[in-house]
Each structure stands twice: as C-alpha cells, then as structure tokens.
Amino acid sequence: MASAESTTEDEPEAETAVETARRQLEHAATHLDVSDGVIERLRQATSVYKVTIPLERDDGTTEVFTGYRAHHDNVRGPYKGGIRYHPDVSEEECVGLSMWMTWKCAVMGIPFGGGKGGVVVDPKELSKGEKERLTRRFAQELRPVIGPMTDIPAPDMGTDPQTMAWFMDAYSMQEGETQPGIVTGKPPVIGGSYGREEAPGRSVGIIAREAIDYYGWAVEETTVAVQGFGSVGANAARYLDDLGATVVAVSDVDGAIYDPHGLDTNDVEDHDETPGMVSGYDAPETLSNDDLLELDVDILIPAAIGNVLTAENAHDVQADMIIEGANGPTTSTADQIFEERGIPVIPDFLANAGGVTVSYFEWLQDINRRAWSLERVNDELETEMLGAWEAICTEQEARDISWRDAAYVVALRRIAEAHEARGLWP
Ligand code: NAD
C-alpha cells in the first residue's frame, strides 16, 4: 500500500480487472448525464456461470478443472468475448474482461454485448488430446447459456482456431445441426473469416494512419517503434511500413532490433512465423525492450503485454504519441503522466478492436452461410474503424478530453441510451 510519504505518481496497489473496469465506468459517467440506475446495472455482471470440467488425462486418471463464463451486458445484442485457458483465470477477471468487451463492442457500434470466460488450467501442460477433450466438455457444460443468438465465444490467451473448431463441433453435435455461428475465430474452412488473424494489427495501423493525419503529420516523415512483433505488432508494423512510415524498432520477448533508417518489416519474420527471429535478426543495433519504450520516435505502439508503461518510465518516454496495440499496456498513473505531458494515448479498446469487428463479420457470414472475400473484409473493416474514429474525434474535440475518455463517452452513451430506450423489465 502507498505510504503517507508517497507521491501522487506512485502506482496504486494492483487492482483486479473488475475494479479497474468499474473505476473506468464511474470516471466515464462523470462526462455524461446517465441515470444512476443504469450505471449501477453496468457495475455488475448480469450473470456468471461456474462449471466443473472433468477430464480424463492420458494416463487414465481423472482431473476436475473449473471454468467460468461471465455475461456482463446484452442490451445491444448477444454477449461476445473470448475464452481463456490460463492458471490465473478467475471469476473476477472474467467479469472485468466481460465489461471491457461491452465497451469495445459499443465503441465500434457492433450489435454485441460483453462476455468472457475461461478455464483455470495451464494449457502447456495438456496434450493435444487432453486439450480437445477439455474443450469439448467445457462447450457441453456451457451449452445452456451460450448460442449463436445469445453468447458467442472466441479465442483468447491459450486458445486458438483449432480450439474453436472443437468447441463448434461439440456444440453442433449436441444441437444436431452444424452451427458455425456459435464461435468466431474458427479456421476459414469451417466458417472462419479471411482477415480475422490480421485484423487487430490492421486496425491499429488504420487508427495510427488517421491519428497521423489528425495531427497534420506526414506519414513518410513519421517514425514508429513497436514493442511485440507478434500477431498484433507485426501486422500493425507492416501496415504502417507499407504506407511509407519508417519503422525504426520492433521487439520480441528477448529484445529489440533498431535501425534509425528503418527496418524492412516484411523481411523480419514474426514470433509465430519463426520464434526468436526478431531478436536474432541482423540489424545495425539491438536494444532492450525497456530501451525501445523510451526511443525518440513519433509513434510508440506497445503491442506485447499489459502494464509496460508505468509511473516508473512514463517521464522517460520520448514518443510524441502512443497507440495501444496490446490490451492495457498503460497503467492509470502513466496515463495521467502522459496527459500532463501532452502526449496523446489512443486507447486499446478502439485501436485493436479490428479483432472483434472481424469476429462480427465472421458471425454475419456464418448466419448467412455466405463467405466474404478478403478484400470485402478489409474494406468493411476500414469503414467501421473510420466510423468509430470519427465519433471519438467529435467527442474529444467537443469536450476537450483525452482520447481514452472520449472513447468511453462514445461507448457508454450508446449503452446507456439502449438501456433507457428498452427500460427495465418487468
Ligand atoms: P502474440 O503472442 O502473437 O505476440 C506477442 C509478442 O510479444 C511476441 O513477439 C512476443 O515475443 C512478445 N512478448 C511477449 N512477452 C513480452 C515481454 N515481456 N516483453 C516484450 N515482448 C514480449 O500476441 P498477440 O496476439 O499479438 O497479442 C499481443 C497483445 O495484443 C496482447 O495484449 C493481446 O491481449 C492483445 N490483443 C490481441 C488480439 C488478437 O486477436 N491477437 C486482439 C486484441 C488484443
């Protein structure tokens, strides 16, 4: 706990995801005239399901795992959110993450609400067969509370397209018909969408492009550093590189590579393509991940893990703008410091929302039984991202608030108006 001597810039004690989500909701509510009743409803999850999942291990023994599915709010449409396999999964975490999904869908104008679930398990300790059996049984346990029109899971940490394929198969077998719309993030061969994998990084790139334009910069003169050259980071870096920006540094967990004249990001393979490739790449200079965050660049994109921009390094960050690719890379204290220093921070739940947006496109393709081309997916993603960006620009200018607050205002207003319009039943 912070001592009496601590400065206001000390980090508060780590909050749980649900505490952070509630604090952000209350802060956003101060900018809007929303009834207390609606805010009180949004502080809680509608329901949280806890299930036990018995699994027969490969050695013949039976182990019982715990799984959750949190439903936060569905006033604008079915619950939507990932399924995480991780030892730290908890009820509180699922509720907090489901609240963020509600804001993310609302800021994008997607007709979904917020959900999130997971199993308390270390997926690295499961064989492929064990992971399949666990997933199928989890799908069965959740079957009464999910459905293509009620709650649509997706991949998250520790789960992937294959996991979604097993989940969809288990659900479909029990329903007696193929139901591709039960999950998104599936392989395209069973109803997954082209462009889904690239979408979060692509949306980070689109938002960076718009922000460059907003501040009157020239993309060809813009330098960029990206922490984390994985799915989000590599796609964002390559998008901006292709646009003409100079990507001077990228990193993986082992370190960063740096070339002040610009890296050829298409020549650097990402973490999935070749693990260890980034830090092993033949670049003029190597840096630590900490050094990368403090490079004198125009745009810094943290796209690896959470809480990397903190009270400790926020004063040393030299970037002129931060675009959050990862979820939650900036602590609240660092956010405050950036605001005081006049460094704009474009929030994660707008910038990386291309993922859930293309998940929505996938769901539309599934329920209509009609696949879209990659070109159509990318065109429609562009349209949705521009729509969200314009709505946020309007709020940011009208209220003279941060980009994060403006995004919350857009999201909360849409959710609150939907609650006011539908009223409270009975
Ligand atoms: P990924 O596993 O594909 O890539 C992560 C990258 O970060 C890798 O290059 C890895 O080496 C690096 N990394 C890992 N730990 C690090 C550390 N301690 N310091 C520096 N680098 C580190 O992951 P991803 O899918 O690109 O996700 C990155 C972030 O974006 C996460 O916060 C994730 O929640 C968020 N996100 C992902 C998606 C998605 O659909 N992939 C959507 C929205 C948000």
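Cut-off values and rules
Residues numbered from 1 in each chain as written. Predicted model: local features only at pLDDT ≥ 70, side-chain atom pairs only at ≥ 80, totals over all residues. Heavy atoms only, no water. Helix = DSSP H or I, 4+ residues; strand = E, 2+ residues; numbered from the N terminus. Buried < 20%, exposed > 50% of the residue type's maximum accessible area, 1.4 Å probe, protein only. Contact = heavy atoms within 4.5 Å. Areas by Shrake-Rupley, 256 points an atom, 1.4 Å probe, with all protein chains shown as cover. Lys, Arg positive; Asp, Glu negative; His and termini not counted. Charge placed at Lys NZ, Arg CZ, Asp CG, Glu CD. Domains from an automatic or database assignment. Buried area = accessible area lost by both parts, 1.4 Å probe. Salt bridge = Lys/Arg side-chain N within 4 Å of Asp/Glu carboxyl O. Core = buried A, V, L, I, M, F, W, Y, C linked by side-chain atoms within 4.5 Å. Pairing = 2+ DSSP bridges. Axes fitted to C-alpha atoms, helices over the stretch in contact; angles between N-to-C directions. Parallel < 35°, antiparallel > 145°, perpendicular 65-115°, else oblique. Left-handed = near helix turned anticlockwise from the far one by under 90°. Nonpolar A, V, L, I, M, F, W, Y, C, P; charged D, E, K, R; others polar. Patch = residues over 30% accessible without salt bridge, like charges linked within 9 Å, V, L, I, M, F, W, Y side chains within 5 Å. Phe/Tyr/Trp six-rings, centres within 6.5 Å; stacked < 30°, edge-to-face > 60°. Lys NZ or Arg CZ within 6 Å of the ring centre and 35° of its normal.

Visitor: Where do I start with the overall build of the protein chain in this structure?
Guide: Each helix and strand in the protein chain was counted, giving 14 helices and 12 strands. Considering only C-alpha atoms, the protein chain reaches an extent of 55 × 55 × 50 Å along its principal axes. Relative to its full complement of 426 residues, the protein chain shows a buried share of 56%. For the protein chain, the proportion of contacts with a sequence separation of at least 24, taken over those separated by at least 6, is 69%. A total of about 18,500 Å² of accessible surface is found on the protein chain, and carbon and sulfur atoms cover 46% of it. Both charge centroids of the protein chain, one from 33 positive and one from 77 negative side chains, sit 11 Å from each other.

Visitor: How should the domain arrangement of the protein chain be read in this particular structure?
Guide: Splitting the protein chain by domain gives domain 1 (1-44 + 198-353 + 400-426) and domain 2 (45-188). Summarising the inter-unit geometry, the C-alpha centres of domain 1 and domain 2 are found 26 Å apart. Each partner contributes to the interface: domain 1 provides 25 residues, whereas domain 2 provides 20 residues. For the pair domain 1 and domain 2, the two sides together bury roughly 1,900 Å², of which 70% comes from carbon and sulfur. Counting the contacts that link domain 1 with domain 2 gives 0 salt bridges.

Visitor: How do you make sense of the nonpolar core when you look at a structure like this?
Guide: Generally speaking, a soluble globular protein has its nonpolar side chains buried in company with each other. In terms of nonpolar packing, the biggest core is built from 89 residues, with Trp103, Val250, Ile301, Ile323, Ile346 and Leu350 touching the most fellow members. Looking at this core, the element that brings in the most residues is helix α14 (residues 403-422), giving 11 residues. A domain split of this core shows at least three residues from each of domain 1 (1-44 + 198-353 + 400-426) and domain 2 (45-188). Beyond its immediate sequence surroundings of up to four residues, Ile346 is in contact with Ile207, Ala211, Met321, Ile322, Ile323, Glu324, Trp389 and Trp403.

Visitor: For this particular structure, what's the right way to read the sheet that holds strand β8 (residues 255-258)?
Guide: Think of a sheet as strands paired side by side through backbone hydrogen bonds, with each pair either parallel or antiparallel. Strand order in the open sheet formed by 7 strands is β9-β8-β7-β6-β10-β11-β12, with mixed pairing between adjacent strands. Only two strands of the sheet have a single neighbouring strand rather than two, namely β9 (285-287) and β12 (345-346). In this sheet, β9 lies alongside β8 in antiparallel orientation, the contact comprising 3 bridges. When the bridges of β9 are listed, Ile257 appears paired with Thr286.

Visitor: Help me understand the packing of helix α6 (residues 199-214) against helix α13 (residues 374-399) in this model?
Guide: Two quantities define a packed helix pair, namely the angle between the helix axes and the distance between the axes. Two elements in contact, α6 and α13, have axes whose closest approach is 10 Å; the angle formed by their N-to-C orientations is 45°. Classified by the angle their axes make, α6 and α13 are oblique. The chirality of how α6 crosses α13 is right-handed. Contacts between α6 and α13 involve Ala199, Arg202, Ser203, Ile206, Ile207, Arg209, Glu210, Ala211 and Tyr214 from the first element and Asn378, Leu381, Glu382, Met385, Leu386, Trp389, Cys393, Gln396 and Glu397 from the second. Here the residues of the contact of α6 with α13 sort into 10 nonpolar, 3 polar and 5 charged.

Visitor: Looking at this model, I keep getting lost on a negative patch on the surface. Mind explaining?
Guide: On the surface, Asp242, Asp264, Asp267 and Glu269 cluster together to form a negatively charged patch. Classification of Glu269 as partly exposed rests on a relative accessible area of 32%.

Visitor: Could you clarify how one ought to interpret the packing of aromatic side chains in this entry?
Guide: Aromatic ring pairs: the centre-centre distance and the angle between the two ring planes describe each pair. Within this structure, the stated rule accounts for 13 aromatic pairs. Plain terms: the ring middles of Phe112 and Tyr360 are 5.5 Å apart, the flat faces sit at 90° to each other, and that makes the pair edge-to-face. Of this pair, Phe112 sits in the loop between α3 (91-108) and β4 (113-120) while Tyr360 sits in helix α12 (residues 354-368), and the two are 248 residues apart along the sequence. Residue Phe112 shares its accessibility class with Tyr360, and that shared class is buried. Aromatic pair Tyr214 and Trp389: ring centres 6.2 Å apart, planes at 90°, arrangement edge-to-face. Of this pair, Tyr214 sits in helix α6 while Trp389 sits in helix α13, and the two are 175 residues apart along the sequence. Look at Tyr214 and you get partly exposed, because its relative accessible area is 30%. Trp389 gets classed as buried once you look at its relative accessible area, which sits at 4%. Put simply, the rings of Phe112, Tyr360, Phe361, Trp363 and Trp372 pair up and form one aromatic cluster. The aromatic ring of Trp372 is capped on one face by Arg376, whose charged end is 3.9 Å from the ring centroid.

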